[in-house]
Every structure is written in structure tokens, then in C-alpha cells.
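Residues per chain, in single letters:
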Amino acid sequence: MLAVASLSLNAMAQEDPTEKYSVSTNSFWSNWFIQGNVTWNAFYLGGAPGNKFGNTPFYKFPLGTEVGKDVAHHPTALGFSVAIGKWFTPGIGLRTKFNGIWLGKAFNDKSQTYLAANEQVLFNLHNLLGGYDENRIWNFIPYAGLGAARNFDAKANSFVASAGLLNTFKISQKFFLNLDIAYYSYGQHFVGGNAAGLRPGHRFNDLALEVGVTYNLGKGTWNKTPDVDAIKALSQGQIDALNAQLTDAQAENARLKDMLANQPKAGDPGTAIATKTVTKVVAAPVSVFFNLGQSKVASKKDLQNVSELAKVAKDNNSKIVVTGYADSKTGSANFNQKLSEKRANTVADELVKMGIDRNNIEIVAAGGVNTLSPITYNRRATVEIK
């Protein structure tokens, strides 16, 4: 089951072209949880002749045949388990689990009441392979652990090894439904040895199906780590835009000075001065940046500059060209072409919200490029007046 689930999870991760974004480590008091389960347990002995793992947990069988006694016809019972744990990352956690049972008079008319404590390491394969997603409905969590147990009727202590597959299904941000398939293996004489009609050397094993709930204590989600490259690109993009505006203003200023210096002066003989008003809109392109593999704007602050450009375009009834880009270092050429188009359309949708007629917006998908350095600066869309 673990192998099949791993392959399916890995396939899902490969189909998703988006980045598995990082998360920041929360405080020690975050990401704790408690669990409570009702358990159905099937018991059998390791090493008993004819009692093999493949059939004995689910059928009636005599545990004491080696000493001529038929002592356990119904080796199943209901029990309970409770646990408290903490996720240290979205993929790795620890829990302390307590499980117990009263088995009635199954072994030579002797009851078996016990309590076990296990320390278990949890591995959330969905988050490890598919990336963290706080809205994910199903989480697949294999685990393994060691602990100790006490049989109160037999007055016996034992180590216990445990392993299992925990499945959690999201009900709300706080509550999850549990479906846990667990296996426990106890040491020799845990059920009383010869006192219960059992031969020395037999291990007591428990295959359990557990159903219950998980409740998240306090903060149960993880915060995204800021995309430093996108922040740097945002700042650099704003600086580049200001520099471009300054360069354009200086060039326009020089042109106007030249026009004034060469214009005919009033009163010169034979000179007729014609007056002509020329309106020209000069605006530097504005950049809007995106995170790796995403078509959602990384920072809404970029749209403030787009808003100013949209106002100028509306006032002068100008057309706007939106060009989308992706970085060529990641993704295939086909994927980058589609991604650049999505980014351009995202910005075009924002322009429409700002009052620009869709017919006045031209979309250009440039695909994957490597024109800016570092490469992350190429994850953008530019907006300019045509």
C-alpha cells in the first residue's frame, strides 16, 4: 500500500508544474494536535504452528493447540487509542500514542487488560512529495515507533514496536477524520506465558483498524516564506521604471530646448509664425512580477504603477500593449509560452477592472526568455502605451 501510494503521490507532484513553495518554521507552541480513536483489534501469536500472518487475525483459531487446549476462539475486541503530537515541518512530526484493550477471557479463561505507550515518527507523504497545501482534503501519513506496554492481568511488562498508515480527511481547519491501520508487536510472555496455556517464545501481535478525529491545537497551518527573488525583482523593476522615465524626460527636455532655440522670432521680416499644438504621450513600461510557475500577481503594489499608466491611457484614448514573459531556465518551451500568455491575460483583466476597454488592450506572449539578470526578473509582464 505504501509503495502504490508513493508512486501515485509522485505522479501527482510531477503533473503539477507550480513550485512547491517553502514555509517558515512556526513557534514551538504551533502545530500541535490531539487524537482520539475507537479501535477494532485482531490478535494472533507469532511463531505458533499453523497460525500465519496471512489468515489468523481474521478467523477463529486455537492459540493453545501446542499444549492440547482450545483457548482462543474469538481473538478480536474493541479498544481505544489517544495521542498528542506536533508537526515540526509540514512533512515530519512526532506523536505520543496510548492504546489499550480489555480482551475478555480469551486465553485459558484469563482476561487480558493492557495499556501501551508508543513514541511514533510521522511522515506526511502528501506534503513531502506534493508540496504543502493547507486546503488539501486527504493526507497520507505512514509512521513507525517504539514504546512500552503493561498487561495488568498477567502483571507483565513488554516493549512494543508499532507501524501503520494514518489517513486524515479534512473537515475544517481544526478537525480531521482519522482512518488508521496500525500494527503492534509485543514481547514474549506479554499475555502470561504458560499461565495462559501458551508456549514460551510466542510474540503477541495486534492488527488494528482505528477510526476517530484529530483536533488541531492553536495554529495548525504554515506561513509561506516570502519569495526573496520576487521582492528584489519588484524593487529593481521600480528603480528601472524610474530611471527609464527620467531618461525619457531628459530626452524630451532636450528636444523642446532645441525647438525653442531654432524657432523664428516674432518681428523678423518675411517671417510668418504658424502655431501648431502637438500632443504626445510618453510613458515608460511598467513591470508586474510573478513567482515561479505562477500566473497570479506576486505583489499587488505592482498594480499601483499600472493604475497610473491606465489613467494616462484613458485620458488620451491610447491603446495598451501587455507582454507576458517566463524565464527560460525552468519549464518547457510550450509550458512557458502558455504561462507567459496567462500572465499577460492576468494583467489585462486588471486593466479592464481599471476601466480600460478590452478592445484597446493588445496581448503579446513572449514565452520563456533570458534577457534580464538574475533569471527571476524574467517572470513578469510589461504594460506600455502603444
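Keep in mind that what you see is a predicted model, and the values were worked out from it rather than measured.

Draft legend 1. Molecular detail of the overall build of the chain. In terms of regular secondary structure, the chain is built from five helices and 12 strands. Split into buried and exposed, the 386 residues of the chain put 40% on the buried side. For the chain, the share of sequence-separated contacts (at least 6 apart) that also reach a separation of at least 24 residues comes to 69%. Summed over all atoms, the accessible surface of the chain reaches about 20,900 Å², with 58% contributed by carbon and sulfur.

Draft legend 2. Main features of the pattern of salt bridges. Applying the stated criterion across every chain yields a total of eight salt bridges. Residues Lys97 and Asp180 are paired through a salt bridge, measuring 3.3 Å at the closest nitrogen-oxygen approach. With Lys97 in strand β3 (residues 92-107) and Asp180 in strand β7 (residues 175-188), the pair connects residues that are 83 residues apart, well separated along the chain. Taking the relative accessible area as the measure of exposure, Asp180 reaches 1% and is therefore buried. The partner of Lys386 in a salt bridge is Glu362, and the shortest N-O contact between them spans 3.0 Å. Linking Lys386 in the segment after β12 (380-385) with Glu362 in strand β11 (residues 361-369), this pair joins segments that are 24 residues apart in sequence. Sharing partners across several salt bridges, the network here consists of Arg95, Lys97, Asp180 and Glu210.

Draft legend 3. The environment of Trp29, seen in detail. Along the chain, Trp29 turns up in the loop between α1 (2-15) and β1 (32-46). Owing to a relative accessible area of 66%, Trp29 belongs among the exposed residues under this scheme. Taking the C-alpha atoms as reference points, Trp29 and Leu217, separated by 188 residues in sequence, lie 8.7 Å from one another.

Draft legend 4. A look at the nonpolar core. Grouped together as the largest cluster of nonpolar side chains are 21 residues, with contacts concentrated most on Tyr114 and Tyr186. At the level of secondary structure, the elements contributing two or more residues to this core comprise β1, β2 (76-87), β4 (110-123), β5 (138-151), β6 (156-170), β7 and β8 (203-217). When residues no more than four places from it in sequence are discounted, the contact partners of Tyr114 are Phe43, Asn99, Gly100, Ile101, Arg150, Asn151, Phe152, Tyr186, Phe190, Phe204 and Asp206. Within the second largest apolar cluster, 20 residues are counted, among which are Val286, Val297, Ala344 and Ala381.

Draft legend 5. Highlighting the sheet that holds β11. Pairing in this open sheet of four strands is mixed, and the strands run β9-β12-β10-β11 from one edge to the other. The open sheet is flanked by β9 (286-289) and β11, the only strands paired with a single partner. Here the average twist between neighbouring strands, direction ignored, is 20 degrees. Bridge count between strand β10 (residues 320-327) and β11: seven bridges; the pairing is parallel. Paired with Gly324 across the strands is Ala365, a residue of β11. Against the sheet, helix α4 (residues 302-315) makes contact with β9, β10 and β12, and its axis sits at roughly 145 degrees relative to β9, the strand it touches most.

Draft legend 6. Spotlight on the packing of aromatic side chains. A complete count under the given rule lists six aromatic pairs for this structure. Both rings, one in Phe33 and one in Trp87, keep their centres 6.2 Å apart while their planes meet at 35 degrees; by these two values the pair is tilted. Of the two residues, Phe33 is situated in strand β1 and Trp87 in strand β2; the sequence distance between them amounts to 54 residues. The class of Phe33 is buried, set by a relative accessible area of 2%. Judged by its relative accessible area of 15%, Trp87 falls in the buried class. Judged by centre distance (4.9 Å) and plane angle (50 degrees), the rings of Phe175 and Tyr215 are tilted. One end of the pair, Phe175, is in strand β7; the other, Tyr215, is in strand β8, and 40 residues separate them in sequence. Residue Phe175 is classed as partly exposed on the basis of its relative accessible area, which comes to 39%.

Draft legend 7. Up close: α4. Between the first and last C-alpha of α4 there are 21 Å, a value that for 14 residues agrees with the 20 Å anticipated at 1.5 Å per step. Backbone geometry just after α4 places Asn317 at a positive phi near 50 degrees.

Draft legend 8. Representation of the pairing of β10 in the model. Of all eight residues making up β10, eight are buried, and the element is well covered by its neighbours. Across the two faces of β10 the burial is the same, with Ile320, Val322, Gly324 and Ala326 and Val321, Thr323, Tyr325 and Asp327 all buried. The handedness of the β10 to β11 crossover, carried by helix α5 (residues 333-353), is right-handed. Bridging between β10 and β12 involves five bridges; their strand directions are antiparallel. Within β12, the residue paired with Val322 across the bridge is Val383.

Draft legend 9. Examining empty space enclosed by the protein more closely. The final tally for this structure, using the stated rule, is three cavities of 30 Å³ or more. Taken as a whole, the largest cavity spans an internal volume of roughly 390 Å³. Elements with a minimum of two residues in the lining of the largest cavity: β1, β5, β6 and β8.

Draft legend 10. Focus on the pairing of β9. Residue alternation in β9 divides its side chains into two sets, Val286 and Val288 and Ser287 and Phe289, and both sets are buried. Bridge count between β9 and β12: four bridges; the pairing is antiparallel. Bridging from a neighbouring strand, Val288 pairs with Ala381 of β12.

Draft legend 11. Seen up close, the side chain of Ser81. Among the secondary structure elements, Ser81 is positioned in strand β2. Polar side-chain contacts of Ser81 include one of 2.9 Å to the side chain of Glu210. Once residues within four sequence positions are removed from consideration, Ser81 is found in contact with Gln35, Gly36, Asn37, Thr39, Lys97, Phe98, Asn99 and Glu210.

The rules behind each value
Along each chain, residues carry numbers from 1 onward, in the same order as the chain's sequence is written. Local features in a predicted model are, by the rule used here, given only for residues with pLDDT of at least 70; side-chain atom pairs are given and counted only at 80 or more, and totals for whole chains, interfaces and linings are based on all residues. With hydrogens and water excluded, all non-hydrogen atoms of the structure serve as input to the side-chain values. Note on conventions: DSSP H or I runs of at least 4 residues are helices, E runs of at least 2 residues are strands, and numbering of each starts at the N terminus. Categorising residues by exposure relies on relative accessible area from a 1.4 Å probe, with only protein chains included: less than 20% of the type maximum marks a residue as buried, more than 50% marks it as exposed, and the intermediate range marks it as partly exposed. Throughout, a contact is declared for two residues whenever any of their heavy atoms are within 4.5 Å. Per-residue and other accessible areas were derived by the Shrake-Rupley procedure at a 1.4 Å probe size, with only the shown protein chains allowed to occlude residues. A side-chain nitrogen of Lys or Arg and a carboxyl oxygen of Asp or Glu constitute a salt bridge if their distance falls within 4 Å. Nonpolar cores are built from buried Ala, Val, Leu, Ile, Met, Phe, Trp, Tyr and Cys residues. Side-chain atoms within 4.5 Å join them into one set. Whether two strands pair depends on DSSP finding at least two bridges between them. Note on geometry: axes are lines fitted to C-alpha atoms, helical ones only across the stretch in contact, with angles between N-to-C directions running from 0 to 180 degrees. The rule is short: rings of Phe, Tyr and Trp, with Trp giving its six-membered ring, pair when the centres are within 6.5 Å, and they are stacked under 30 degrees, edge-to-face over 60, tilted in between. One less than the number of residues in a helix, times 1.5 Å, gives the span that helix is expected to have. Seen with its strands pointing away from the viewer, a crossover is right-handed if its path from the first strand over the helix to the second goes clockwise. Points on a 1 Å grid, built from protein atoms alone, make a cavity when a 1.4 Å probe fits but cannot get out and make a pocket when they are open with protein on both sides within 12 Å along at least 5 of 7 lines; residues with an atom within 4 Å of a point are the lining residues. Grid points are joined across faces, edges and corners, and a volume is the space filled by probe spheres set on the points. Here a polar contact is recorded for every N or O atom pair within 3.5 Å, except that within protein the pair must consist of a potential hydrogen donor and a potential acceptor, and residues adjacent in sequence are included only if both atoms are side-chain atoms.

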